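Observations on the three-dimensional arrangement
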Amino acid sequence: MKHAVVTFLIPLSILYSGCTIEHDKNAKDMSREIIKIVTTTGMIADAAKIVGGTRVNVTGLMGPGVDPHLYKASAGDVTRLSEADIIFYNGLHLEAKLGELLEEMQSRTETIAVSRSINRNLLVSPPSFKGNYDPHIWFDVTLWIQAVETIRDALNMLDPSNNKIYTENASEYIRELQDLHTYVLNRSAEIPPQHRVLITAHDAFNYFGKQYGFKVMGLQGISTEAEAGTSDVQRLADFIAENRIPAIFVESSIPRRTIQALQLAVASRGFNVEIGGELFSDAMGNAGTFEGTFIGMVTHNINTIVDALKNKVPRYGTNNSYSIRFASNCSAC
Ligand SMILES: [Zn+2]
């Protein structure tokens, strides 16, 4: 009986200590302090800077070209995270190697997954990702708007006396994101639906494909933790040659050699597939450039994709007979 009481008390004590920390955190008056925000990806840092405006100082841990699936925290990162007033991360196992650290941070700092309020029915769960949801939510701009709302709500909770600032900044940014969504829809419509095929280095574009009507295939899976095998290259090369796909794309956060190997394998089948350009998938472009913002990266991507695929498909087949036949083992189709 005594044993039973003890085991019952342990979870309760954890629960209460959590509540106490939460209460203390909320009780701290942040209204006159600059709020220190630490984020994982650049896309989240961009949103936090815009919503927080002059009230916040944002540090993004993952810079241009950095792969979040493989990113490990440095000693400096641990210090930065410990000194933050609030931490934002993507969640859904995007930051696979930071899982334990973020969990640890949760017990002393507000640590918020920006994906947490998105209705699970809107998420995709590819069989190749071992029962997990696909974390690449930012490429469906309507889902990213929900992430921005989560950032706004968290700042409102942390610093209630400055609610007006966060709410207005978020509203203005959300209007810009709605315009961006319309732009991506309009540019996608320049390609007939049956010719919208996006082949990239890894499966980062499932939400993009679902929202904007593209069939997407990646050489590597959802996470880049497992390298593409020879059989993946051969399978995708067969598909590209057979369907005469005009262009494939490299990603800024993945070594070019993976897509170049695919291009060579297609050439050995007597078909030339172009490299249509570089897409920003899991990291934004350089700071200070248009592509170094979320709106810039999405605009760059859709322009690159549409310009490479547009008006090129009919060269390889007759307009009416061209159709896409997907490999039966394509998880994203
Ligand atoms: Zn990814």
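Structure: above.
Remember, it's a predicted structure, so these values are computed and weren't measured experimentally.

1. Concerning the packing of helix H8 (residues 230-243) against helix H9 (residues 257-267)
As a packed pair, H8 and H9 sit with axes 9 Å apart at the nearest point and diverge in direction by 55°. Between H8 and H9, the interaxial angle falls into the category oblique. By crossing handedness, the relation of H8 to H9 is classed as right-handed. Note on element contacts: H9 touches H8 through Ala261, Leu262, Ala265 and Val266, opposite Val233, Gln234, Leu236, Ala237, Ile240 and Ala241.

2. A short note on helix H6 (residues 163-188)
Since the α-helix packs 3.6 residues into each turn, any two residues three or four apart lie on the same face. For H6, spanning 26 residues, the distance from its first C-alpha to its last is 37 Å, which sits close to the expected 38 Å at 1.5 Å a residue. Inspection of H6 places Tyr166, Asn169, Ala170, Tyr173, Leu177 and Val184 among the buried residues, and these make up the whole buried set.

3. So, the environment of Ala201
For Ala201, the position within the fold is in strand S5 (residues 197-202). Placed 51 residues apart in sequence, Ala201 and Ser252 show a C-alpha to C-alpha distance of 9.7 Å. Each residue touching Ala201, except ones within four places of it in the same chain, is listed here: Gly218, Leu219, Gln220, Val250, Glu251, Ile254, Thr258 and Ile259.

4. Some words on H9
Listed as buried for H9 are Thr258, Ile259, Leu262 and Val266. Buried residues along H9 cover an arc of 95° about the axis, so they all sit on one side. What points out from H9, more than 90 degrees from its buried face, is the exposed set Arg257 and Leu264.

Calculation notes
Residues numbered from 1 in each chain as written. Predicted model: local features only at pLDDT ≥ 70, side-chain atom pairs only at ≥ 80, totals over all residues. Axes fitted to C-alpha atoms, helices over the stretch in contact; angles between N-to-C directions. Helix = DSSP H or I, 4+ residues; strand = E, 2+ residues; numbered from the N terminus. Parallel < 35°, antiparallel > 145°, perpendicular 65-115°, else oblique. Left-handed = near helix turned anticlockwise from the far one by under 90°. Contact = placed C-beta atoms within 7 Å. Expected span 1.5 Å × (residues − 1). Buried ≥ 20, exposed ≤ 12 C-beta atoms within 10 Å, placed from the backbone. Arc of directions from axis to C-beta.

Any functional reading would require information that these geometric values do not contain.
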